[in-house]
Amino acid sequence: MVREYINQQAFAADEQKLGLEGWSVESTINPHAQQGLLDHIRSLFTRKATHLIVTYYRPASF
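Below is a short write-up of the structure.

Conventions used here
- Residues numbered from 1 in each chain as written.
- Predicted model: local features only at pLDDT ≥ 70, side-chain atom pairs only at ≥ 80, totals over all residues.
- Heavy atoms only, no water.
- Helix = DSSP H or I, 4+ residues; strand = E, 2+ residues; numbered from the N terminus.
- Buried < 20%, exposed > 50% of the residue type's maximum accessible area, 1.4 Å probe, protein only.
- Contact = heavy atoms within 4.5 Å.
- Areas by Shrake-Rupley, 256 points an atom, 1.4 Å probe, with all protein chains shown as cover.
- Pairing = 2+ DSSP bridges.
- Axes fitted to C-alpha atoms, helices over the stretch in contact; angles between N-to-C directions.

**Regarding the overall build of the chain**
Counting secondary structure elements, the chain contains two helices and three strands. When the helices and strands of the chain are read in sequence order from the N terminus, they spell out β-α-β-α-β. Across the 62 residues that make up the chain, the buried fraction comes to 19%. Expressed as a percentage of contacts within the chain between residues at least 6 apart in sequence, the contacts between residues at least 24 apart total 71%. Looking at the chain as shown, the accessible area adds up to about 4,700 Å², and 57% of this sits on carbon and sulfur atoms.

This is the structure:
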């Protein structure tokens, strides 16, 4: 499962809730970390503000 968060607080709240359901964080990506200035400015007008993309996994036995 992949979710997008606009801030760290939203991620923390969702992570706790999903943890109770057996989900664990597999990876996190900050899409703005590797962008240049022009790419960052362009992204402000072409897509919603996403600050963190998180991939979750849950073991099949859960």
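Having put the structure on the table, let's press on.
**Structural notes on the environment of serine 27**
Position of serine 27 relative to the elements: it lies in strand β2 (residues 24-29). Classification of serine 27 as partly exposed rests on a relative accessible area of 30%. Considered as a pair, serine 27 and valine 54 are 27 residues apart in the sequence and their alpha carbons are 5.8 Å apart.

**Thoughts on the sheet that holds β2**
If you trace the three strands from one edge of the open sheet to the other, you get β1-β3-β2, paired in antiparallel fashion. Edge positions in the sheet fall to β1 (2-5) and β2, since each has one partner strand and no second. The average angle at which neighbouring strand axes cross in this sheet is 30°, direction not considered. Relative to strand β3 (residues 52-57), β2 is paired through five bridges, and the arrangement is antiparallel. Counted as the bridge partner of serine 24 is tyrosine 57 from β3. Strands β1, β2 and β3 of the sheet are contacted by helix α1 (residues 8-20), whose axis makes an angle of about 10° with β3.

Keep in mind these values describe shape, not function.
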